[in-house]
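# Topology and contacts: notes
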Amino acid sequence: MDLELSKEDLAFRDGLREVFLGAIPEEIRKRSALGLITRDDIVTSQRILNEHGLAVPHWPVEWGGKDWTPTQSHIYASELQRNGVPQPLAFNASMVGPIIAEFGSEEQKKKFLPATANLDIWWSQGFSEPEAGSDLAGLRTTARRDGDHYVLNGQKTWTTLGQYGDWMFVLARTNPDAPRKQQGLSFLLLDLNTPGIERRPIKLVDGSAEVNEFFFDNVVIPAENLVGEENKGWTYAKFLLGNERNGIAQVGTGQRIFADLAAAAAELPTEDGPLADDAEFRAAMHTAKTTLLALEATQMRVTAASENGQPSPVSSLLKMEGTQALQALTKLRMRASGSDGMLLDTDSPVRADEAAMVAAAQYLNQRKLSIFGGSNEIQRGVIAKTILGL
C-alpha cells in the first residue's frame, strides 16, 4: 500500500477537478456542502457528470463505465466529496444500476441503464420494513406469481427521497415456504405510478421529511420486471449492500467539513479570543484531524485490497469509524455556531450565515449514519468475526 499518489494519479485528480469545479455550478456545490441541496440540484449535477462520462464510472464500459483502477475510483469519490459536488444519486448509480448491469436481461439493460445513468428515472429503494431493518431477510412483503405478473402486498419504510421516486427496486418474498428466510426472495422493478401504491412522508427529528413509507395493495408487476432468477434476490441484495456500505464513510466529506470548521473557528470570537484558541475546542479538533488521517489510510488499505481482487472486511471498520467521525464533526460545528445554531427550515433560501443556521439540522440528521447501511452494532459483529477471529 502506498499512501502517496503517483504522477499519473495526480494528473487524473487534476482532470477531475477541472470538471467538478468548472462544469458544476458553484451555487449547487455551495448548497450541497451545506446540506441544502434540492432535487433539481441533484438532477442537474448528475446530468452534467454524465455528459462528461463521470456519472457511473464503476459500471461496465459498454454502459458508461470507465474501467478505472480501484485507486482512481477512490480519487474520484474523494474529490467529489471534498469539492462539494453532489454525488450521483446512490439509488441509481451505486445500487440498482450495477444490479441490472450484472444480473438483468438485455432488454432490461437497454430499457433502464441509460435512463438510470442520466437520472431520467429516479429510483427508490424498497428494502427496509417496520420489522425488517438490520435483519433484512425477515421481510414480510410478498410478491405472488399469477401468470405473467406478480401481485405485490406489504409495506416498505425509511425510503430516502422516496417522494421523488419514479421507479422502485423491491425485495419481496416470492416463496414463503423456503427452508431459510434468506431464500425465497426476489428482486423486482416497480413503476411507482402503478395502481395500489400509497406513499406517506415520515417527519424526522431535524424537521425534514426526506424518508417515506410505502404501502402496496395488490400491486401488479409484470413478470418481465423480475431481475435475474426468481428466489435469488438475497444474492443480489448482498451485492447491492456491499456497494452501498463502501461509500457511507465519506472521508472526503469529513475532510471538507473539518477544513471549513477550522477556517471559521479562526474568526469566531469568544470572551477570551478566537474559538480556535480555546483549549477544549482545539483538543477536539486535533482528535478529529487524527481520526480523519487514520480513516484515509484505512480507506487506502481497502483500496489496495480491491486492487488485489480480494474483498476487504476492513470496509466494516471504515463504515463504523467514518460515520462516527462525521457525527463528531457535525457536533463540533453546532458547538461552534453557538446561539446561531438554530434549526432552519431547509426550504429557506441560503443566507450569509447559513453554515451556522443549518448546524443543528445537520447534527440531528447525521444521527442516522450509524444505523443505515448495516448498523454499527452489526459492523462490530462482522469485525469480531472476520478480522479478530472471535
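- As recorded by an unreviewed UniProt entry, the chain carries the name Acyl-CoA dehydrogenase family protein and is attributed to Amycolatopsis silviterrae.
- As recorded by UniProt, the Cofactor (unreviewed entry) comment attached to the chain reads in full: "FAD".
- Recorded in UniProt for the chain, the comment headed Sequence similarities (unreviewed entry) runs: "Belongs to the acyl-CoA dehydrogenase family."

## Points about the overall build of the chain
- Scanning the chain from N- to C-terminus turns up 13 helices and 10 strands.
- Of all 390 residues assigned to the chain, the portion counted as buried reaches 48%.
- Residue pairs in contact within the chain that sit at least 24 positions apart in sequence constitute 72% of those at least 6 positions apart.

## Overview of the environment of proline 195
- With respect to the helices, strands and loops of the structure, proline 195 is situated in the loop between strand 5 (185-191) and strand 6 (197-202).
- Overall, proline 195 belongs to the exposed group, its relative accessible area being 65%.
- Measuring from C-alpha to C-alpha, the distance between proline 195 and valine 220 comes to 7.9 Å, with 25 residues separating the pair along the chain.

## Section: the pairing of strand 4 (residues 167-173)
- Within strand 4, 7 of the 7 residues are buried, leaving the element largely enclosed by the surrounding structure.
- Going residue by residue along strand 4, you find Trp167, Phe169, Leu171 and Arg173 tucked away on one face and Met168, Val170 and Ala172 tucked away on the opposite face as well.
- Pairing of strand 1 (residues 123-126) with strand 4, which is carried by 4 bridges, proceeds in the parallel orientation. Considered in strand 4, the bridge of glycine 126 is made with valine 170.
- Direction of pairing for strand 4 relative to strand 5: antiparallel, over a ladder of 7 bridges.

## Observations regarding the packing of aromatic side chains
- Counted under the stated rule, the structure contains 13 aromatic pairs.
- A network of ring pairs unites the aromatic residues Phe112, Trp123, Phe127, Trp167, Phe169 and Phe187 as a single cluster.
- Taking the ring centre of tyrosine 150 as reference, the NZ or CZ of arginine 145 above it sits at 5.2 Å.
- Over the aromatic face of tyrosine 363 sits the side chain of arginine 367, whose NZ or CZ is 4.0 Å from the ring centroid.

## With respect to helix 8 (residues 251-265)
- With 15 residues, helix 8 extends 21 Å between its outermost C-alpha atoms, agreeing within 8% with the 21 Å of an ideal straight helix rising 1.5 Å per residue.
- Taken as a whole, helix 8 has its buried residues at Val251, Gly252, Thr253, Gly254, Gln255, Arg256, Ile257, Phe258, Leu261 and Ala265.

## Focus on a nonpolar patch on the surface
- Taken together, Ile387, Leu388 and Leu390 make up a surface patch of nonpolar side chains, about 340 Å² in accessible area.
- Within the fold, leucine 390 resides in the segment after helix 13 (376-386).

## A short note on the packing of helix 4 (residues 70-82) against helix 8
- Across the interface, helix 4 lies against helix 8 with an axial gap of 7 Å and an inter-helix angle of 30 degrees. In terms of orientation, helix 4 and helix 8 fall into the roughly parallel class. Crossing of helix 4 against helix 8: the hand is right-handed. Across the interface between the two elements, Ser78, Gln81 and Arg82 from helix 4 touch Val251, Gly252, Thr253, Gln255 and Arg256 from helix 8.
- Tallied by class, the residues present in the contact of helix 4 with helix 8 amount to 1 nonpolar, 5 polar and 2 charged.

## Structural notes on the pattern of salt bridges
- Following the criterion strictly, the structure yields 14 salt bridges and no others.
- With a shortest N-O distance of 3.9 Å, arginine 39 and aspartate 40 are connected by a salt bridge.
- Taking the relative accessible area as the measure of exposure, arginine 39 reaches 30% and is therefore partly exposed.
- Among the residues examined, aspartate 40 registers a relative accessible area of 52% and is labelled exposed.
- Close ionic contact of glutamate 280 with arginine 335 constitutes a salt bridge, the shortest N to O distance being 4.0 Å. Placement of glutamate 280 in helix 9 (residues 279-307) and of arginine 335 in helix 10 (residues 314-337) is noted, with a sequence separation of 55 residues between them.
- A relative accessible area of 57% means that glutamate 280 is categorised as exposed.
- Put simply, Arg17, Glu79, Arg82 and Glu296 are held in one network by salt bridges that share partners.

## Concerning the environment of glutamate 79
- Summarising the element assignment, glutamate 79 is placed in helix 4.
- Residue glutamate 79 is classed as buried on the basis of its relative accessible area of 2%.
- Residues glutamate 79 and phenylalanine 20, spaced 59 residues apart in sequence, show a C-alpha to C-alpha distance of 8.2 Å.
- Setting aside residues no more than four positions away along its own chain, glutamate 79 makes contact with Arg13, Arg17 and Phe20.

## Thoughts on the packing of helix 8 against helix 10
- Contact geometry of helix 8 with helix 10 gives a least axis separation of 10 Å together with a crossing angle of 20 degrees. Judged on the interaxial angle alone, helix 10 and helix 8 are roughly parallel. Crossing of helix 8 over helix 10 shows left-handed handedness. Contacts from Val251, Thr253, Gly254, Ile257, Phe258 and Leu261 in helix 8 reach Leu318, Leu326, Leu329, Leu332, Arg333 and Ala336 in helix 10.
- Classifying every residue of the contact of helix 8 with helix 10 by side-chain character gives 9 nonpolar, 2 polar and 1 charged.

About the cut-offs
Residues numbered from 1 in each chain as written. Predicted model: local features only at pLDDT ≥ 70, side-chain atom pairs only at ≥ 80, totals over all residues. Heavy atoms only, no water. UniProt positions renumbered as here; feature names shortened; annotations may be inferred. Helix = DSSP H or I, 4+ residues; strand = E, 2+ residues; numbered from the N terminus. Buried < 20%, exposed > 50% of the residue type's maximum accessible area, 1.4 Å probe, protein only. Contact = heavy atoms within 4.5 Å. Pairing = 2+ DSSP bridges. Phe/Tyr/Trp six-rings, centres within 6.5 Å; stacked < 30°, edge-to-face > 60°. Lys NZ or Arg CZ within 6 Å of the ring centre and 35° of its normal. Expected span 1.5 Å × (residues − 1). Patch = residues over 30% accessible without salt bridge, like charges linked within 9 Å, V, L, I, M, F, W, Y side chains within 5 Å. Areas by Shrake-Rupley, 256 points an atom, 1.4 Å probe, with all protein chains shown as cover. Salt bridge = Lys/Arg side-chain N within 4 Å of Asp/Glu carboxyl O. Axes fitted to C-alpha atoms, helices over the stretch in contact; angles between N-to-C directions. Parallel < 35°, antiparallel > 145°, perpendicular 65-115°, else oblique. Left-handed = near helix turned anticlockwise from the far one by under 90°. Nonpolar A, V, L, I, M, F, W, Y, C, P; charged D, E, K, R; others polar.

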